[in-house]
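Summary of structural features
One-letter residues, chain by chain:
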Amino acid sequence: MYRTSRTIAKQVVPLLAGCLLLNSVSTTAQDFDNTIQTRFNTYREKAVAEKVYVHTDKGFYLAGEILWFKIYYVDGASNKPYDLSKVAYVEILDKDNKPVMQGKVALQDGKGNGSFYLPSSITAGNYTLRAYTNWMKNFGPDYFFEQQISIVNSLKPLPPAVADTIRHTARFFPEGGNLVRGINSKVAFQVTDQYGKGINFNGSLINQRNEVVTQFKPAKFGIGNFTFTPAAGDSYTAVINTEDGKTITGQLPAIYDNGYVMQLQEDANGQLHVSVTSNMPARSQQPEEIFLFVHSHQSVKVSTKKTVANGVARFTIDKNQLGEGISQLTVFNDSRQPVCERLYFKQLQQVLSIGATGQATQYNNRKKVDFTLNTSTTAGKAVPANLSLSVYRMDSLPLQDKSNILSYLWLSSDLKGTIESPEYYFSLPNIEVAGALDNLMLVHGWRRFNWQDLLKNSTASFEYIPEFDGHFISGRITHAATGAPVSNARTYLSIASTKLQFYPVLSSNKGDIQFDVRNYYGPGEIIIQTEGQLDSNFHVDIRNPFSDQYAAHGPSPFSLSPQLQQTLTEGSINMQVQNAFFSDRLTQFDIPKIDTTPFFGTGYKKYLLDDYVRFTTTEEILREYVPEVAVRKSDGKFLLYIFNWETERHYRSQPLVLLDGVPVSVQKIMTYDPLKMRVLQVVTDRYVNGEFTFDGIISFTTYHGDLTDLKLDNKAVILDYDGLQLQREFYAPVYETPEQTASRLPDFRNVLHWSPNIQTDANGKAAVQFFTSDLKGKYVAVLQGMDGNGHAGSYSFTFEVK
């Protein structure tokens, strides 16, 4: 259905992989400071960052269930709701990165929601749910939102258990990036298992003489740090003894004879003390100047310089100067080369506090659950917020990860790789959490900015543009024989329907075409034609709008205990019964209220043909009661001309002729059965769209808007193409009356309530109500959300159904 387009991959170059010099930078310190800030701000303005977070109704599904989700879309710099892109792409990928479900979801005011019906053909396993915008494709798949979900198909045998080979990985990260002989350094470490989870261990750093230099063990999640001074001529090996009796060894990064070492310390008064120690040989009589550049989410916070004295340059930064969340500190030497870098996390001062009042701890079957939601700032001030709520049954099956919108937006989305238990770093603000958070900063690299792009001083260019007004359908026109692009080809895209959608474009010098398609929802058919279909050798490819680039890590291997078979069988029976009795609910969608005005506007003559004599030829219709159109014949071919009331003459060129929004030739429309037409509209004004000008429009619409029995030109490209996802209605029965409660229809819902768009009022309050089902057990209500200032938060509570 699609031809995929190749995404431009951006290489990430390590900080000291080469000498990246600022081009054309003056040698004065002030000029360097001004130039780097200017370039930084210019790059930031062009490379706008976006983030998406997806809240799913749960994390474990059976084939035949519906996966519900809510998308939060924010400015990547401020984490505030954003309104640039209007479309998000959501996919479910299997272990081989093959998409099993895909959807385009409309975004408005920083949010959107949708669903996937998981078919009975799906295979059991762990899957990756990911989401992104068209603009985010410019920066690679590491920027996409990803979440692991589990799906079991009880109608198929479970896949064989994968042999679980224990593998441990040990990595070491000098603070600032460098180890230099003779200079004391802090070294962070991370030791994980084959699933990226941290392990407990005891470690020793041993030199070549088998002498123990220092001992170390992790503080949290297999992460910690130690300090030591590399000695001249010595080499070092880390020996790690795990709790299960295994021994692994790891090598430290290369140790330099000369270089720079960075250290950061925070005092009790909120001051950050950054020292840069150097043993580089002097290149001049003047002491070396060291520059420190700090930015928080690509907003410049500090740009200053110090002179090296006795081998050390010392900087003091007031923590209040930094933005909340992650800041990047980069050190430049006097040759304007980045030589050290590390991250620092400033705790959030304000988050969204979500609570609920009025709920009970226990309910009977088919009883009302009602409570009031409260949203406020950390300081207790009530604020309006937008929330999503899922209420589902907790059983012995695996539950979803505890990560939430707060930890994702402020931590996981800005660090490479997987963060274990990210919610821990936003728990109690104590010394242990602060230490673990700083260790995390030391072992993870920065995701959202790389000096290579700025230091090259080249104009940033991007292959994908934001879909700021609707979905883009893009492709390329080439010569079929040579593959050479066809430029300036007048190309039309139409979507056959009663809502007339017609989009003309000229192909670029590279043969590229891009149609800005608005308000196109649900499955449908698109038709692409070049004007007059002049050349049968033209080949039109429509690109797949979904990314074909994937993150290096995939879902963890799938395994399920045989003891859970009874639980799976019970859940499967409940699901099948529910679907059997309420199958019509699976296909109930909210039809969006969209503008059905024709693309050419209103105010033109419109003929409802059933109000007139139904002639058997189009020629008779036009001649008998459509005075705006003159019918002529030349050499046995029909010619149509529209009367221009302003000049009181007919246009000299023939008009654009459409059937259900699809351009057709005059000869084809004149031979088409008029009894299949319902509406005729005539645009008597000259219609201009960009570089296209038409001397009027004659538009016919059939009863169903489906080009009934019309045979299109065989050179036209006709494709099944899904528009924006239609939103399903979440069905939940109501038991307000005794008659409703006594209904003999079974109610085996395990998701009692899904509400993706709860808005609290100015007092931070919103009422929620739903009813329990026939399934007893423990249920959890999970809330995620954010306010208009980007303060995010989550909350959950449990209750029991007897």
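Here is what the cut-offs are and how they apply
- Positions within a chain are numbered from 1, following the residues in the order the chain's sequence is written.
- Selection of residues for local features in this predicted model requires a pLDDT of at least 70, selection of side-chain atom pairs for listing and counting requires 80 or more, and totals for whole chains, interfaces and linings are taken over all residues.
- Side-chain calculation: all heavy atoms of the structure are included, whereas hydrogens and water are not.
- The pairing criterion is simple: DSSP has to find at least two bridges between the two strands.
- Strands here are runs of E lasting at least two residues and helices are runs of H or I lasting at least four, both read from the DSSP assignment and numbered beginning at the N terminus.
- Only protein chains enter the accessibility calculation, which uses a 1.4 Å probe; a residue whose area is less than 20% of its type maximum is buried, one above 50% is exposed, and one in between is partly exposed.
- Polar contacts, as used here, are pairs of N or O atoms within 3.5 Å; protein pairs need one atom able to donate a hydrogen and one able to accept it. Residues neighboring in sequence count only if both atoms are side-chain atoms.
- In what follows, a contact means two residues having at least one pair of non-hydrogen atoms within 4.5 Å.
- For this analysis, a salt bridge means a side-chain nitrogen from Lys or Arg found within 4 Å of a carboxyl oxygen belonging to Asp or Glu.
- For helices, the fitted line uses only the C-alpha atoms of the stretch in contact; every axis is such a line through C-alpha atoms, and the angle between N-to-C directions lies from 0 to 180 degrees.

1. A short note on the pairing of strand S52 (residues 792-801)
Strand residues, when the strand is regular, have side chains that alternate between the two faces of the sheet. Summarising the sheet, strand S27 (residues 362-363) and S52 pair through two bridges and their orientation is parallel. The residue bridging Gln-362 from the neighbouring strand is Glu-800, located in S52. In this sheet, S52 lies alongside strand S51 (residues 777-787) in antiparallel orientation, the contact comprising 10 bridges. By the bridge assignment for S52, Gln-784 is matched with Ser-794. Between S51 and the antiparallel strand that follows it, S52, lie four residues; Gly-790 among them carries a positive phi value of about 85°.

2. Here we look at the side chain of Thr-702
On the secondary structure map, Thr-702 appears in strand S46 (residues 697-702). With a relative accessible area of 0%, Thr-702 lands in the buried category. Side chain to side chain, Thr-702 and Asp-660 meet in a polar contact 2.7 Å long. Setting aside residues up to four positions removed in sequence, Thr-702 forms contacts with Thr-498, Leu-659, Asp-660, Tyr-672, Lys-676, Met-677, Arg-678, Leu-707 and Thr-708.

3. Focus on the pattern of salt bridges
Considering all chains together, one arrives at 25 salt bridges under this definition. In this structure, the salt-bridge partner of Arg-130 is Glu-91, at a minimum N-O distance of 2.9 Å. On the criterion of sequence distance, the pair formed by Arg-130 in strand S8 (residues 125-132) and Glu-91 in strand S5 (residues 87-93) is long-range, its members being 39 residues apart. The burial state of Arg-130 is the same as that of Glu-91; both residues are buried. Between Glu-266 and Lys-319 there is a salt bridge, with its nearest N and O atoms 2.8 Å apart. Of this pair, Glu-266 sits in strand S19 (residues 260-266) while Lys-319 sits in the loop between strand S23 (312-318) and strand S24 (325-332), placing them 53 residues apart in sequence. Residue Lys-319 is classed as partly exposed on the basis of its relative accessible area of 22%. A network of salt bridges, in which partner residues are shared, links Glu-175, Arg-342 and Asp-438.

4. Thoughts on the sheet that holds strand S21 (residues 289-296)
As summarised here, the arrangement of the four strands in space is S22-S21-S24-S25, forming an open sheet in which the pairing is antiparallel. Pairing within the sheet leaves two strands with one partner each, and these edge strands are strand S22 (299-307) and strand S25 (338-346). Strand-to-strand twist in this sheet, taken as the mean axis angle between neighbours without regard to direction, amounts to 15°. Relative to S24, S21 is paired through six bridges, and the arrangement is antiparallel. Bridge pairing in S24 places Ser-296 opposite Ser-327. Contacts between helix H3 (residues 431-443) and the sheet are confined to S24 and S25, with S25 contributing the most and set at about 150° to the helix.

5. Concerning the sheet that holds strand S9 (residues 145-152)
Spatially, the five strands line up as an open sheet ordered S3-S9-S8-S5-S6, and their pairing is mixed. Pairing within the sheet leaves two strands with one partner each, and these edge strands are strand S3 (60-62) and strand S6 (99-106). Pairwise comparison of adjacent strand axes, ignoring direction, gives a mean angle of 25° for this sheet. Across three bridges, the pairing between S3 and S9 is parallel. Of the residues in S9, the one forming a bridge with Leu-62 is Val-152.

6. Focus: the pairing of strand S17 (residues 247-251)
Only one face of S17 is covered, namely the one carrying Ile-248 and Gly-250; the face carrying Thr-247, Thr-249 and Gln-251 has none of its residues buried. Of the pairings in the sheet, the one linking strand S16 (residues 236-242) to S17 comprises five bridges and is antiparallel in character. Bridging across to S17, Val-239 finds its partner in Thr-249.

7. Re unusual backbone geometry
Positive phi, normally seen in glycine, also occurs at Asp-109, with a value near 55°. Locating Asp-109 in the fold gives a position in the loop between S6 and strand S7 (111-117). Positive phi is not limited to glycine here, since Asn-519 has a value of about 55°. By the element assignment, Asn-519 lies in the loop between strand S33 (512-517) and strand S34 (525-530).

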